[in-house]
Amino acid sequence: FDETITISDLEDLLAVFAGIKGKDLKSVFEIENLGSLMNDSVPDGIKRSSRYMEHHVFNSVQSETQMLRYLSKLQKKDVSLADSMIPLGSCTMKLNATTEMIPITWPEISEIHPFAPTNQTVGYDSFIEQLKDWIIAATDFDDVSLQPNSGANGEFTGLMAIRKYHESRGEGHRHICIIPLSAHGTNPASASIAGMKVVGVKCDADGNIDVADLKKNVEKHSKNLSALMITYPSTHGVFEEGVKEVCELIHEHGGQVYMDGANMNAQLGYTSPGSIGADVCHLNLHKTFCIPHGGGGPGVGPIGVKKHLSPFLPTHVTRHVGGEASAGAVAAAPFGSASILPIS
């Protein structure tokens, strides 16, 4: 039903149902009284008494052309990459070639159900494996999960892998996650959701990790140290010279290094999370690897891990993915937002 339906159309429809019951429509109710009958069924306490849709837009925009002009007017009130730089900090935005988006318009990509049987997803499985191999080559990790569908989801997934790793070694008591005060806000949030206690580390005058304060906290929490979350290059865009020593320090005290891959753009071709000393790192395919980003999605936040964390990658009830000692799935589909992977 929409604005094109008339009282006569409604009358014809209701007459069909009345006829099935062997009754005349007018003997059931008068169509003109339908509105009052419906109002009587609504309790007085929730009936609308105020006026609505009084904004002039609802009355002045009366054609498709006027609607497009109105939307364009609203659009111009916002700042976009067409107007200027967007100051989004560590979210390393970029422009995307239109041709990169073409594959997601193909029915072979866009019309496959996430739970489709494997004999219908041979092509999907092929480019998923190829993308995983590329990510492994770029990061120097040993395994990858494409299931997380956001950066924050990737953080949580990586931290849960670390938690399950400690539990598998009989060290489930390790629950301290050390995070520099300069970190992105999702870092402490993800650690808390993963059941860890967050301990903040100071930064020096230049914004780098205060190594002395880090050492003090690592030694203080050595027996319960689970992980360090570090962004490299740092949120303020500096390659901290002591990053390898920081990773070694954490490992010496039994902890794992989680690297936030928000600034992975700056590492490509120069270094990699795996060679630096990270045990796990999430990437943002929707930032670093061409998928358009903004407005809440879509996104892909895969994690790369060293061999010892591979058994703890997320699994799924519909497909054999992940590790045997996983904490379970972190997304509704086995490969997360798989339909946008071809863009990368």
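Residues numbered from 1 in each chain as written. Predicted model: local features only at pLDDT ≥ 70, side-chain atom pairs only at ≥ 80, totals over all residues. Heavy atoms only, no water.

Caption draft 1: Just the overall build of the chain, in detail. Check the secondary structure of the chain and you find 12 helices and 7 strands. Dimensions of the chain, computed from the C-alpha atoms along their principal axes, are close to 85 × 50 × 45 Å. Expressed as a percentage of its 344 residues, the buried residues of the chain come to 38%. Residue pairs in contact within the chain that sit at least 24 positions apart in sequence constitute 61% of those at least 6 positions apart. Here the chain displays about 19400 Å² of accessible surface, and carbon together with sulfur accounts for 55% of that area. (Helix = DSSP H or I, 4+ residues; strand = E, 2+ residues; numbered from the N terminus. Buried < 20%, exposed > 50% of the residue type's maximum accessible area, 1.4 Å probe, protein only. Contact = heavy atoms within 4.5 Å. Areas by Shrake-Rupley, 256 points an atom, 1.4 Å probe, with all protein chains shown as cover.)

Caption draft 2: Focus on the pairing of strand β4 (residues 225-231). Taking burial as the measure, the 7 residues of β4 include 7 buried ones, the bulk of the element. As paired elements, strand β2 (residues 176-180) and β4 share 3 bridges and run parallel to each other. Residue pairing in the sheet places Cys 177 in a bridge with Ala 227 of β4. In this structure, β4 lies alongside strand β5 (residues 256-261), joined through 5 bridges in parallel fashion. For Ile 230, the partnering residue across the bridge sits in β5 and is Met 259. Running through helix α11 (residues 243-252), the crossover from β4 to the neighbouring parallel element β5 is right-handed. (Pairing = 2+ DSSP bridges. Right-handed = clockwise from strand over helix to strand, strands pointing away.)

Caption draft 3: Representation of the pattern of salt bridges in the model. Taken as a whole and judged by the stated rule, the model has 9 salt bridges. We note a salt bridge from Arg 51 to Glu 54, for which the minimum N-O separation is 2.9 Å. The exposed category is assigned to Arg 51, whose relative accessible area is 67%. Between Glu 129 and Lys 132 there is a salt bridge; the shortest N-O distance is 3.9 Å. Of this pair, Glu 129 and Lys 132 both sit in helix α7 (residues 122-139), 3 residues apart, roughly one helical turn. For Lys 132, a relative accessible area of 17% gives the class buried. Here the residues in one salt-bridge network are Arg 163, Lys 164 and Glu 167, joined through shared partners. (Salt bridge = Lys/Arg side-chain N within 4 Å of Asp/Glu carboxyl O.)

Caption draft 4: View of the pairing of β5. Counting buried residues in β5 gives 6 out of 6 residues, a clear majority hidden from the surface. Every second residue of β5 is oriented toward a common face, with Gln 256, Tyr 258 and Asp 260 on one face and Val 257, Met 259 and Gly 261 on the other, all of them buried.

Caption draft 5: Inspection of the packing of aromatic side chains at higher detail. Applying the stated criterion across every chain yields a total of 3 aromatic pairs. Taking the centre distance of 4.9 Å and the plane angle of 45° together, the rings of Tyr 124 and Phe 127 count as tilted. Taken together, the positions of Tyr 124 and Phe 127, both in helix α7 and 3 residues apart, correspond to about one turn of that helix. Relative to Phe 312, the ring of Tyr 165 has its centre 6.2 Å away and its plane inclined at 75°; by these criteria the two rings are edge-to-face. Linking Tyr 165 in helix α8 (residues 151-168) with Phe 312 in the segment after β7 (303-305), this pair joins segments that are 147 residues apart in sequence. Judged by its relative accessible area of 8%, Phe 312 falls in the buried class. (Phe/Tyr/Trp six-rings, centres within 6.5 Å; stacked < 30°, edge-to-face > 60°.)

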